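# Results of the structural survey
As a plain string of letters, each chain reads:
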Amino acid sequence: MNLHRFRLPVALVLITSIGAVAGTFMPRSNLATWKSGLGAQTQIESSSTFCSGLGAAHTSALLFNSTDVNRTVDVELTGGASVVTQQVVLRPHATKSISPNLRAASGSIALRAQIRGGGVVAEVGNGSSAVACHAEGVADWYASGLSTLKGTAVTLSIVNPTATATVLNVTLWSSLGFQAPTPLQGLVVAPSSQLTVAIDHYVVDENDVAVAVHALRGNFVASAQQGSGPSASLLAGQRAASQSMWFPVIHTEAKSTATLQILNPSTRRMANVGVKLLVPGYDLAPFTVTLNPASTASLVLVPDSRVPDAGIGIAHVNADVPVVVTLVSSVGNDHVWTAPSVPLMQLAWLGASHDASAVQLVNVSNTTSHVTMAVYRGRHAVVTAFDVRARALASLPTSVANATSVVLSASSAVVLAGPLSSSGSEPGLDGR
Amino acid sequence: MNAPAVVAVVVTTGPGPDLEVTLASLVEQDYENLSILVLANGDTSSAAARVAAIAPSAFVRLLDANRGFAAASNHVIGAVSGAAFYLFCHDDVRLHRNAVSAMVEGAYRTNAGIVTPKYVGYDDESVLLHVGQMADRFGAVTDRIEAGEIDAGQHDGERDVFVAPGGATLIRCDLFDSLGGFSTSITMIGEDLDFSWRAQIAGARVVVVPSAVVAHRQSVAAGFRKVSAIGTRLASLQDLRRRHQLFTVVSCWSALSLLVIIPLLILFEIAEVTIALTARDTDRVGAVLQSWRFILRQRTEILRRRELIQRQRALTDAGIRLLQVAGASRAQTFVQTLVHEGIDRARGVLPDELLTTTHSQPLISFGGSFSELLEYDELPDFDDQASAVSLRRLLDRFKQQFVVMALVALTWFIGARNLVAMHLPALGRLAPLDSWWANWHHFFASWSPNGVGSGAPGMPGYGLIAASGTLVFGRMGILPKLTLIMAVPIGVYGVGRLLRDVVSNRARLFAALSYMALPVGVNLIQQGRVDLLILFAGMPFLLRRVLALLDVANFRHAPYERSRPFGSRLWGRTRAGQLTKASLLLAVLSAFAPVAIVIVALIVTAVWTVQRLGDGERALERPWATLSELVATTALLLAPMTLDTILAGRRALSLFGLPMASWSSLSLRQVVRAADGGFGTGLWSWVIPIVALTATVLARGERRSLARAFAATSAFAIGLIMLVARHLLGSFAPDVDGLLVVVALGLVGLVAVAVSALEHDVESGRLSWQRVVAGVAVVGLALSPWSIVANASSGRYELPMTSAAEALNAYTPTNNASFRVLWLGDARALPLAGWSVEPGLAAATTTNGGPNGATLFTSPTTSAMDSVLRSLELVTRGETTHVGQLLAPAGIADLVVLTASVPPLAGLQMSQPLPPPATLLEGLSHQRDLTLVSSTPGVLIYANTTFHGIVAERSKALATSTTASDADSVLGWTPVLGAAATSGAVTRGEVISGFAPAGAFSLRVNGHPAPRTTKLGWVGAYAVGSGHSRLTLNEFPFNGILAGGTLLAWCLIGFGFGGSERLTDHFGRSSRAKRSRR
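Residues numbered from 1 in each chain as written. Chains lettered and ligands numbered in written order. Predicted model: local features only at pLDDT ≥ 70, side-chain atom pairs only at ≥ 80, totals over all residues. Heavy atoms only, no water.

### Comments concerning the sheet that holds strand β6 (residues 109-116) of chain A
Residue and element names in this part refer to chain A. The four strands are arranged β1-β6-β3-β4 in an open sheet whose pairing can be described as antiparallel. Lying at the two open borders of the sheet, with one neighbouring strand each, are β1 (46-54) and β4 (82-90). Strand-to-strand, the axes of this sheet are offset by a mean angle of 15°, without reference to chain direction. The pairing of strand β3 (residues 71-79) with β6 spans six bridges and is classified as antiparallel. Within β6, the residue paired with V73 across the bridge is I115. (Pairing = 2+ DSSP bridges. Helix = DSSP H or I, 4+ residues; strand = E, 2+ residues; numbered from the N terminus. Axes fitted to C-alpha atoms, helices over the stretch in contact; angles between N-to-C directions.)

### Section: the sheet that holds strand β21 (residues 983-986) of chain B
Residues and elements named next belong to chain B. Read across the sheet, four strands follow the order β21-β27-β23-β24 without closing on themselves; strand pairing throughout is antiparallel. The open sheet is flanked by β21 and β24 (1008-1009), the only strands paired with a single partner. With four bridges joining them, β21 and strand β27 (residues 1027-1033) adopt antiparallel strand pairing. By the bridge assignment, S983 is partnered in β27 with R1030.

### Notes on the interface of chain A and chain B
Taken together, the contact between chain A and chain B spans 42 residues of the former and 55 residues of the latter. Buried area between chain A and chain B, summed over both chains or domains, comes out near 3700 Å², and the portion from carbon and sulfur atoms is 54%. With a shortest N-O distance of 2.4 Å, B:D966 and A:R116 are connected by a salt bridge. Summed over the shared surface of chain A and chain B, the result is 19 residue pairs in polar contact (both at pLDDT 80 or more). Looking at the side of chain A that touches chain B, the elements that each hand over two or more residues are α1 (7-25), β1, β3 and β6 of chain A. Counting residues per element, the side of chain A that touches chain B draws most heavily on α1(A), at eight residues. (Contact = heavy atoms within 4.5 Å. Buried area = accessible area lost by both parts, 1.4 Å probe. Salt bridge = Lys/Arg side-chain N within 4 Å of Asp/Glu carboxyl O. Polar contact = N/O pair within 3.5 Å; in protein donor to acceptor, adjacent residues only side chain to side chain.)

### Some words on the packing of helix α25 (residues 639-647) of chain B against helix α35 (residues 1038-1056) of chain B
Residues and elements named next belong to chain B. Between α25 and α35, the shortest axis-to-axis distance is 8 Å and the interhelical angle comes to 130°. For the element pair α25 / α35, the angle class is oblique. Counted together, A639, P640 and L643 of α25 and F1038, L1042 and T1046 of α35 form the full contact between these two elements. Counted by class, the contact of α25 with α35 contains five nonpolar, one polar and no charged residues. (Parallel < 35°, antiparallel > 145°, perpendicular 65-115°, else oblique. Nonpolar A, V, L, I, M, F, W, Y, C, P; charged D, E, K, R; others polar.)

### Here's the deal with the pattern of salt bridges
All names here are of chain B. One pass over the structure, following the stated rule, counts 40 salt bridges over all chains. Across the salt bridge formed by E158 and R109, the nearest N and O atoms sit 2.0 Å from each other. One end of the pair, E158, is in the loop between β9 (141-143) and β10 (159-160); the other, R109, is in helix α4 (residues 99-110), and 49 residues separate them in sequence. We classify E158 as partly exposed; its relative accessible area is 34%. Between D160 and R205 there is a salt bridge, and its shortest N-O distance comes to 2.7 Å. Within this pair, whereas D160 is found in strand β10, its partner R205 is found in the loop between α6 (191-201) and β12 (206-216), the two being separated by 45 residues in sequence. For R205, a relative accessible area of 35% corresponds to the partly exposed category. (Buried < 20%, exposed > 50% of the residue type's maximum accessible area, 1.4 Å probe, protein only.)

Right, here's the structure in full:
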């Protein structure tokens, strides 16, 4: 047999095989992967931020320009049929409080801010709690741990940030099980408007209520308000159920309480949830709880016999199926509902703690994080850089104390632990 | 009783050299009452003397000018009296002694008005020339005998015929006088048909009397004498025949019959012209075209004649039809010649003498594949294998091949049956074409509406479409349908031409069938890619020319002529001529699909690589110089496109195609099977690649070299596609569907080699691995054509019936504003050519609705469209939340995002998912000023809430520092100037116009130009007072000059192929005619 004649077919087969292998391993994904955070926003053409829940519980919005240049912001406040617009020029690293002065028929006001450029973040707070505003709408939203016990109102504020009508379903969980009230199915939120849903009208006198909002079309920004009057608490909620979450501020002092309110939204699988409470100087046994499908449960962290009275701890929740968790905590008589913190690489805080020693940083990644922190008092910045080892906690520099704002950049995702923001609980704003 | 008087009227021109013989034969007639009248046409100086020498009793009349046979003959009216019959004779006939008496007897016996004799050869009287003639309804004259038929008395019966051919025709005098003689508009050729037809309308019989024998030299028809009558200047015999036949047809039929006959005739003549063009038979094309011109010139005479004929009519059209032959003679002749002698002979490519040299030099041609005389019948096949006996004769005979081809053609046209009448959806490049004239306008225009407007030169494709429009008489809708239906068959024919003289006809047949069976062609139909279908049709022809230029073995017919002058007919046979022909073809293909240039470069590279790496491969002839010359000439021929590309800067490479997304790019499995679309996804499509692979194993000798060349071509194309599909070559991303055509060509080339190898290289004897592979090849070859049948089921090759563009009308603005629609999606999903935003995302705009003929071609130059593309980049990067505002200056009302080739309709149309980048969909969903108005599978439509029309006004002027990012840029505008954006009322304030470049336009208010500034980066802003305004384009016609120059370049190059000689002939003939008139 003349082997020379096989050179050509063999070469062809080789070439095509190499092509096939190369083709197989070349990335072919089509996922929307944008850089997130403040750092990515400094050079962009325009951005927006949307705040819900204004007007209730004496809330106001606070805008912060995290960049070194002026930012022009067109603010639009909508309440019922009333619309008020104003233009704000934010100087570098300056903040601007927006207090709504229009009276909405529904009692809730939405804020839409169109920013020329990026790097402007906002939050809505009422002195006792705060939620971050959002740069874009979401398709799903969850919150757990709500209470409709007598005398407590739970209101859901839903804002449509786009010019496309949003159609959505609101579903509820409580001790009665899963509910999908007919009036809350196929709700339409008109373009650039808002909707308020009184959850307590549908679930009466329940202590462990969870809610989910799913957009059938369009997207939305939502938040929940619980309680009434000045004592109402704001809840940011979660964009998605998750298997790993961080709660950075767990008060373990005497007379403090901290309870995790958990929802297993899965209709088929049970959820095994474990919570590791990180208290500096202590190694605590994990807390565990098992949830049936489509059910809610409470897990009390404080008080608990295994938790020392040692100040502030950090809770890390792990679950084998995605769950929704809210921390309900109290120091004294005020209850605060807190959503889990999202580990981020760029963060901003508005206002800062008087007690810098209480603030700690958790590096949730598996690599050492190089952290740069710019602490502003007015326009003057004190920049500090330090490293945090993988999966470790670190105290923040003392310069954080009495800062008007803080901007942090880390080389890997971090979560901040400690009362930092104007409300004392806001874990950080990422601008998106 | 005396015999009836007969006057023999001899019309002599020149006079001819055979005049004496003619006269002598008349003098010797046994008819007792015969007079001779000689009418001397033209040069009359020696006529009288020559006549007197032979026939002293003959009358001679000298005519002052040669006005042709008919005009001369008509002099007998009034000049001759008392005669019963005229015998009109040419001066090159020789009558047998009893001819006149036999004809007269026949006339009385049959009561005929016209009697024609049996014509025999002048030099060999045993050969029949005519025994009367027949004609069809279109005036095509046919003989009743075969050419060269020997006279054995087989036609010696008197009978009616339709035409008494000229030479020696006996006509009753009263009939001749009452019909007004011959038509003087018919100078030469065709007066016999015309008179015979009119005579029969008047009720006279035309009879052939074979006992009267006349030998006829046919000096003019045989070319012994030139056509010289007045009115025949520059006309060939073919010209005269065609125009006079048409003249007779339009004169003799009634108006009602003409309503049917003329359209049919036009249809046949279009087919004839098309075939003639493929054969480069310009004389035939010219004859057809000038016949219609002649009719137009003679319209007054025709009307007069029609009136006269109707007055004399004794026989209805139906009666005339009974006397004529059925059908269309010319078409029948063509088909018969095609069947018996092959297409080349049928369309007149091969000279007769070649047909007789089949044994010494085998005539292997596609057309010749239908010939019985070919050498491949003798190919050594599997001689002594009993099992192979049947295979040996498989498709080796002409009739078998013909049947296969006929069946395949039938299958193809059955498969395309619904394409004929269906509404074409606006997908791919199937946007409705503008009118013939509008396409010329686009070619010469100084401004095009592409993007947000562009002053870039018009793309040459418009010129070619406009030129094609003339061939279909402006019925532009026919062109895309013709392309959809005919591109694949033409490509198949091209494969036959590609492999001509290279492999056996059987191998060519299989290769041609494989080209049709591969999914690439039908997928292009399904995607509506008429641009690439043109490439598919033309690429085999171009490949043949390129390989011939490179002197790849067997691809060059004969050595090129050495140094022939530009303009001579033989210049086309020189290397320069051949190179120019290839360049012309490349230019035509590139005008529609510029990727053709890349393909040629790829082919040259592949063949060169094989030659360099192979053992003892034949050296190529100046490959790189050839490639450079080809590209340079093509660039010159497509000068507007070349300039566009140069001006495009970093986007220049997008001319060849736009980058694909990695997630929707082709897999290697698809590429190897040349399948990008709904066809070719099953196991069946592996058959041809497998057969192709066997060629690389089985082939030996020259066939092995050929296999290497084709394999390398395919492999290089596959490699390039894989690199492009993963966008590893950056912005250089040649259209992969175009490259698939090369893959297909490589595969079918290998199929041909495989068949050839089976014929020559498979050893006989015991079972071996060769025979196993050969068995695989044979099975594959037998299976390969079946996919043609499978593809034909829908009757439209799955061309969708509707597209996203059809859904758009419901969402157009209702405020009488001019607007643009921004189309976004994978480049393969867009219904028009666009620009790349990022890999997998292309953008294009249309004005006031869906795609139309003004945006068929997109220049790579973006100019102000850059602002739109940058805005889209911001969306995909999540860096803007008010893209509607950024797009508002361009007047963009809607954004149409295509996520599939067409909207899927279960059971009705196939849809290929072509998702755009997820970042685009995500980004658009977060825009504050876009409303999602429609979300259906395959298409999303967003309305821009800040839309204010392309031209808008407001009272407060924009600050010069305002940018599109400022909210003020979209506040308070009202559309003006209506949907056409040309004129209308404006009020005091500022008008902005989203037509770029701003400097090319001016706005006149009440006749006065409004001052213009440029705002928002590129938008024209005009300070206006109240009044009526008009927006006008004021651009120096540089593009028109460039287009005109390009057209001139094409004409000049066309002139190179014999133009100089034709001009010399023209002026030579013209001056001779002038001299003769003087």
